[in-house]
Amino acid sequence: MSIPTVSTSRPALRDIVTLQAHILQQQARYPGATGTFSWILSAVSICAKMIASQVRRARLEDVLGAAGAANVQGEQQQKLDVIANEILLRMLGGREGVAIVASEENEEPVILRRQDDGETRYCVLFDPLDGSSNLDICGSVGTIFSILRKREDSTRPEDSLLQPGLEQVAAGYVLYGSSTVMMLTIGNGVDMFVLDPAIGAFVRVAQGLRIPDTNKCYSLNEGNRLSLPEGYQRYLQWAQSNGYSSRYVGAMVGDVHRILLQGGVFMYPPTKKAPKGKLRLMYEANPMAMLIEQAGGKALVAPGERILEVQPEGIHQRCCVVLGSSAEVDAVMAQVAAAT
Ligand code: AHM
Ligand code: MG
C-alpha cells in the first residue's frame, strides 16, 4: 500500500532552519569557536521573543504610555521602553561572555565582568525599543543591537565601547510589526528570520539578502524640510520632480526594513532642533549601516564619509544618517556636495 502524500507549498520539515540551528551552522565555520558568541546571540533571540510578547499584549496588560521619567536623551520613557531594557539587561547580564552592555535607556554602560582570564568577551549595545512613540497607535517598533569584541589591549571599558562601527562583529534588529522579524549579520551577508508563534522559534526565510540598487522612494520626516541643510532640500525638490514616493513610519526599524527589502533611501539629516542629527551612532546608525553595507548598499554621514568609519567619542553621540540603495544614497549626496 502506498503512503498518501500531501501536496503543500510549505517547506518540508527538513528544510526548516531555526535561528538556533543557523547560529550553530555559522559557529561550525570557525573551528576554534568556543560557543561564547553563539550563546550571546541566543540570548538576544530570547529577549526578542519576550519583548515581542510584551508588545503584543501591551494594551491588555495596561503597559502603554509614559513611564513618568525621561531617559538620558531627555526623551519621555514609555513603560515598554523600561520593560524591554530590563529584559535585555537581565538576559545578557546572565551570559558569561558579555563584559559590558550599553543601552539607549541608561546614561552609563553597565560593566558586568572585568576579569582578565584570557577568555574572549563581548560588548553589547542596544536600543531596546526603538520608535516607542508608535506603541500607542499599534505601529511598528523594534530592537536594534550591535556587538563588539572587548578589547584585550586596554582595561578601560570606554576603549572597548568606543570602537568604530567597522569593528562590529555582529549587528541586527528585530521588527515587531505585523509579524516579528529579525535581520542579522555576523559579517558575511544579511539573513532574515521570522518568528513562528506556533513553534516559538525564529525561522530563517532568506539568506544573503541584497538590497535593490535603486528604487524611487525616500524616507524621512518631511516636516523638518525647511530646517534641513540646503543640499537635502534640493534633493527633495529633485526627487519630487522625478516621480519619487515618500514613505515614513517614524520608527527607524520599520523604515529601514522597507528600504532594505525594497530599495530607496532612508535619512535623518541634521535639523535646527538636532544640529548633529537625531539618531544615535552606536546603537542605531552603526548596526543599521553594517546591515545595509552587508546587503550591498551604502550608509553615509556626509559625501564620501561612511557611518562605519566614524570614530565615536561618546556612547550616546548622534550623527547624520543617509542609507539605502547605492544609487539613491549617491543621488542625495550629489545634491549635498553641490550645495557645500
Ligand atoms: P527613539 O529611539 O527615542 O524611539 O527615537 C528614534 C526614532 C527613530 O526610530 C526614528 O527614525 C526617529 O526617531 C523618528 O524621529 P521623528 O519623530 O523626529 O521623525
Ligand atoms: Mg531609537
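Residues numbered from 1 in each chain as written. Chains lettered and ligands numbered in written order. Predicted model: local features only at pLDDT ≥ 70, side-chain atom pairs only at ≥ 80, totals over all residues. Heavy atoms only, no water.

Glancing now at the nonpolar core. Nonpolar side chains in soluble globular proteins tend to end up buried together. Core analysis: the largest hydrophobic core is formed by 46 residues, its most contacted members being Y173, M288 and V321. Looking at this core, the element that brings in the most residues is helix α7 (residues 281–294), giving nine residues. Shared between two domains, this core takes at least three residues from each, and those domains are domain 1 (19–206) and domain 2 (217–338). Among residues more than four places away in sequence, those in contact with V321 are M252, F266, M267, Y268, L279, A285, L300 and I307. Within the second largest apolar cluster, 41 residues are counted, among which are L64, V141, I186 and F193. (Core = buried A, V, L, I, M, F, W, Y, C linked by side-chain atoms within 4.5 Å. Buried < 20%, exposed > 50% of the residue type's maximum accessible area, 1.4 Å probe, protein only. Helix = DSSP H or I, 4+ residues; strand = E, 2+ residues; numbered from the N terminus. Domains from an automatic or database assignment. Contact = heavy atoms within 4.5 Å.)

The next subject is the coordination of the magnesium ion (ligand 2). All of the protein donors around the magnesium ion (ligand 2) are D127 (OD), D130 (OD) and E284 (OE); their distances to the metal are 1.8 to 2.0 Å. Sequence positions of the residues that donate to the magnesium ion (ligand 2) give the spacing D-x2-D-x153-E. Pair noted here: D127 is in strand β5 (residues 122–130) and E284 is in helix α7, with a separation of 157 residues, a long-range link. Like D127, the residue E284 is buried in the burial classification. (Donors = N, O, S within 2.8 Å, 3.2 Å for Na, K, Ca; no water.)

A word on the site of ligand 1. Within the structure, ligand 1 sits among 17 residues, and D130, G131, Y248, M252 and Y268 are positioned closest to it. The contact in question runs from an oxygen atom of ligand 1 to an N or O atom on the side chain of Y248, over 2.6 Å. Interatomic distance of 2.9 Å between a side-chain N/O atom of K278 and an oxygen atom of ligand 1. Taking 470 Å² as the accessible area of ligand 1 by itself, protein coverage stands at 83%. (Near = heavy atom within 4 Å. Polar contact = N/O pair within 3.5 Å; in protein donor to acceptor, adjacent residues only side chain to side chain. Areas by Shrake-Rupley, 256 points an atom, 1.4 Å probe, with all protein chains shown as cover.)

What follows covers the domain arrangement of the protein. It is common to report an interface's size as the accessible area lost on association of the parts. For the protein, the assigned domains read domain 1 (19–206) and domain 2 (217–338). On the side of domain 2, 33 residues touch domain 1, which itself brings 46 residues to the contact. When domain 1 packs against domain 2, the two sides together hide about 2900 Å² of surface, and 67% of this comes from carbon and sulfur. Summed over the shared surface of domain 1 and domain 2, the number is one salt bridge. At the surface where domain 1 touches domain 2, the tally comes to 11 residue pairs in polar contact (both at pLDDT 80 or more). When contributions to the side of domain 1 that touches domain 2 are tallied by element, the ones reaching two or more residues are β3 (98–103), β5, β6 (141–149), β7 (168–176), β8 (180–185) and β9 (190–196). Considering every element that reaches the side of domain 1 that touches domain 2, the biggest residue donor is β7, with eight residues. (Buried area = accessible area lost by both parts, 1.4 Å probe. Salt bridge = Lys/Arg side-chain N within 4 Å of Asp/Glu carboxyl O.)

On to empty space enclosed by the protein. Tallied over the full model, the rule gives one cavity of 30 Å³ or more. Looking at the largest cavity, its volume works out to about 30 Å³. Taken together, Q115, D116, E119, R121, K150 and E152 form the lining of the largest cavity. Partitioned by chemical class, the residues of the lining of the largest cavity number no nonpolar, one polar and five charged. (1 Å grid on protein atoms, 1.4 Å probe; cavity = no way out; pocket = protein on both sides within 12 Å on 5 of 7 lines; lining within 4 Å. Points joined across faces, edges and corners; volume = space filled by probe spheres on them. Nonpolar A, V, L, I, M, F, W, Y, C, P; charged D, E, K, R; others polar.)

Under the defined criterion, the tally for this structure stands at five aromatic pairs. Ring geometry for Y218 against Y235: centres 6.2 Å apart, planes inclined by 80°, an arrangement best described as edge-to-face. Here Y218, found in strand β11 (residues 217–219), pairs with Y235, found in helix α5 (residues 230–241); they are 17 residues apart in sequence, far enough to count as distant. Summarising the burial analysis for this pair, Y218 and Y235 share the class buried. Three or more aromatic residues joined by ring pairs make a cluster, and in this case those are Y218, Y235, W238 and Y244. When the ring centre of W39 is taken as origin, the NZ or CZ atom of R95, which lies over that ring, is 4.1 Å away. (Phe/Tyr/Trp six-rings, centres within 6.5 Å; stacked < 30°, edge-to-face > 60°. Lys NZ or Arg CZ within 6 Å of the ring centre and 35° of its normal.)

Before going further, it helps to spend a moment on helix α3 (residues 79–93). If you check α3, its first and last C-alpha atoms are 21 Å apart, about what 15 residues at 1.5 Å a residue would give, namely 21 Å. Buried residues of α3: L80, D81, A84, N85, I87, L88, M91, L92 and G93, and no others. (Expected span 1.5 Å × (residues − 1).)

Right, let's get into the side chain of N224. As for its placement among the helices and strands, N224 is situated in the loop between β11 and α5. Assessed through its relative accessible area of 19%, N224 is described here as buried. Here N224 is in contact with Y268 and T271, once residues within four sequence places are set aside.

Right, let's talk about the environment of G189 for a bit. When you line up the elements, G189 lands in the loop between β8 and β9. With a relative accessible area of 11%, G189 lands in the buried category. Taking C-alpha positions, G189 is 8.4 Å from R210, a pair spaced 21 residues apart along the chain. With residues near it in sequence (within four places) discarded, G189 still touches L184 and Q294.

Interaxial distance between helix α1 (residues 19–28) and helix α2 (residues 36–56) falls to 10 Å at its minimum, and their mutual angle equals 165°. Here α1 is positioned roughly antiparallel relative to α2, judged by the angle of their axes. Between α1 and α2 lies a crossing of right-handed hand. Contact with α1, carried on its side by L19, Q20, I23 and Q27, involves S38, L41, S42 and S45 of α2 and no other residues of that element. By residue class, the composition of the contact of α1 with α2 is three nonpolar, five polar and no charged. (Axes fitted to C-alpha atoms, helices over the stretch in contact; angles between N-to-C directions. Parallel < 35°, antiparallel > 145°, perpendicular 65-115°, else oblique. Left-handed = near helix turned anticlockwise from the far one by under 90°.)

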